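Understanding the architecture of this molecule
Now for the letters of each chain:
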Amino acid sequence: MGDNSDGSSTAAQGAQQYSDQNDERDQPSSGPFGFFNRLFGIEPESQEPEPERRPSTAPAPDGHQAMMSNLREMRNTRVEDVAVPRADVVAVSDTATLDEVVEVFRQSTYSRLPVFTDTLDSPIGFVHLKDIALAYGFNGHGAEFDIRALLRPLLYVAPSMPIGTLLQKMKTERIHMALVIDEYGGVDGLLTIEDLMEQIVGEIADEHDTEEAALWIEEAPGVYLCSARALVHEFETIAGVDLLTDDLDEEIDTLGGLVIMLAGRLPLRGEIIPDPAGHEFEIVDADPRMVKRVRVRLRPDTALDRAAE
């Protein structure tokens, strides 16, 4: 890891300031939760004894109960628990050309990208796709490219910050991207406001997530791109294979659970996990908490048998 620049020092100071002013076990009693209450129309839990109420005969909607449970869980959830790990952070250098920046936007499908000097440990801000389009046109034509003129400020946060506090900070400062800074001033991960909102309302799919609509897609004979939520027994029926032994049929339901069992841990994006029968499971998409998409490559002779049918 190279020497950090002024951007790294600023990041380290920002994270240290939070750590100095807030014990990592402290949790604001109102701040972010008042924001959630207004946003979702949820009544806050009162600290005062409430008058006796007549029980309601109408059951609470499942979505409402799930959000309430997620809100309560946020008191114990830290930034480090949900951040995109450093290895998966997509960023651009301040020396990148316009064509290079546009290509990173195109490949990643993100609308915001961190910008760094020399290494990711020296961040200087982030650039928004909208600003690129307005300044240089959607086809990348215009004046001489200067990415520094388009930079917006980032938040720098400590790994121990509660995610509710970070969400309130993003709302107050109107900055929707934060870098997680470790004790040495290096970048440890990244969070956006969408990542935080998903902790409350569940996964938010956008127009680039259309592949998730189907639980699996056959890319080639014997090769399937699957959601980790796909049920193993349903996939076995479609693919004509038996992935689970009889003693595991009752224990594992999804393909995500299957690859975690085979790996003996939560696998990382890009890993290829083999099974004893010769099939392979490539981790296409994952975060620190779950496997999201898996590419299943059936054993060659199995794929040939399927093709012959």
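Structure report, in brief. Computed from a prediction, not measured in an experiment: that's the story for all the values here.

What counts and how
- Residues numbered from 1 in each chain as written.
- Predicted model: local features only at pLDDT ≥ 70, side-chain atom pairs only at ≥ 80, totals over all residues.
- Heavy atoms only, no water.
- Axes fitted to C-alpha atoms, helices over the stretch in contact; angles between N-to-C directions.
- Helix = DSSP H or I, 4+ residues; strand = E, 2+ residues; numbered from the N terminus.
- Parallel < 35°, antiparallel > 145°, perpendicular 65-115°, else oblique.
- Left-handed = near helix turned anticlockwise from the far one by under 90°.
- Contact = heavy atoms within 4.5 Å.
- Pairing = 2+ DSSP bridges.
- Buried < 20%, exposed > 50% of the residue type's maximum accessible area, 1.4 Å probe, protein only.
- Arc of directions from axis to C-beta.
- Salt bridge = Lys/Arg side-chain N within 4 Å of Asp/Glu carboxyl O.
- Phe/Tyr/Trp six-rings, centres within 6.5 Å; stacked < 30°, edge-to-face > 60°.

Here we come to the packing of helix α5 (residues 98–108) against helix α6 (residues 129–136). Close contact between α5 and α6 brings their axes to 11 Å; oriented N to C, the two are set at 140 degrees. If you check the angle between α5 and α6, you find them oblique. Remark: the crossing between α5 and α6 carries left-handed chirality. Side by side, α5 and α6 meet where Leu-98, Val-101, Val-102 and Phe-105 of the first sit next to Leu-129, Ile-132 and Tyr-136 of the second.

Let's shift gears to the sheet that holds strand β9 (residues 223–227). In spatial order, the strands read β8-β9-β12-β11-β10; together these five strands make up an open sheet with antiparallel pairing. A strand with exactly one partner marks an edge of an open sheet, and here the two such strands are β8 (216–220) and β10 (272–274). Geometrically, the sheet is characterised by an average inter-axis angle of 25 degrees between neighbouring strands, direction not taken into account. Relative to β9, β8 runs antiparallel, the two being bridged by four bridges. Note on β9: the bridge partner recorded for Trp-216 is Cys-226. Against the sheet, helix α9 (residues 232–239) engages β8, β9 and β12 (291–297), with an angle of about 155 degrees to β9.

On to the pairing of strand β4 (residues 123–128), then. Of all six residues that make up β4, five are buried, and the element is covered over most of its length. Where strand β3 (residues 112–116) hands over to β4, the hairpin turn is made up of six residues, of which Asp-118 adopts a positive phi near 70 degrees.

If you walk across this open sheet you meet the four strands as β1-β7-β6-β5, and the pairing is mixed. Edge strands, defined here as strands with exactly one partner in the open sheet, are β1 (84–85) and β5 (155–157). Judged from the five bridges that link them, strand β6 (residues 177–181) and strand β7 (residues 187–192) form a sheet pairing that is antiparallel. Counterpart to Ile-181 in the pairing with β7 is Val-187. On top of the sheet, helix α7 (residues 163–173) reaches β5, β6 and β7; it is set at about 160 degrees to β5, its chief contact.

Those residues of α9 not exposed but buried are Val-232, Phe-235, Glu-236 and Ala-239. Seen from one end, α9 has its buried residues packed into an arc of 105 degrees, which puts them on one side. Downstream of α9 by a residue or two, Gly-240 has a phi angle that is positive, lying close to 70 degrees.

On inspection of all chains with the given rule, the structure shows ten salt bridges. Residue Arg-148 is joined to Asp-94 by a salt bridge in which the shortest nitrogen-to-oxygen separation is 2.8 Å. Of this pair, Arg-148 sits in the loop between α6 and β5 while Asp-94 sits in the loop between β2 (92–93) and α5, and the two are 54 residues apart along the sequence. In this structure Arg-148 comes out as partly exposed when scored by relative accessible area, which is 46%. With its nearest N and O atoms 2.7 Å apart, the salt bridge here joins Glu-271 to Arg-265.

Ring pairs (aromatic) are described by centroid distance and by the angle formed between their planes. On inspection of all chains with the given rule, the structure shows three aromatic pairs. Arranged with centres 5.9 Å apart and planes meeting at 75 degrees, the rings of Trp-216 and Phe-235 form a pair that is edge-to-face. Remark: Phe-235 occurs in helix α9 and Trp-216 occurs in strand β8; sequence separation between them is 19 residues. What makes Phe-235 buried here is its relative accessible area of 0%. On the numbers, 5.1 Å between centres and 85 degrees between planes, the contact of Tyr-224 with Phe-235 is edge-to-face. Separated by eleven residues along the polypeptide, Tyr-224 in strand β9 and Phe-235 in helix α9 bring together distant segments of the chain. Grouping aromatic residues by their ring pairs yields a cluster made of Trp-216, Tyr-224 and Phe-235.

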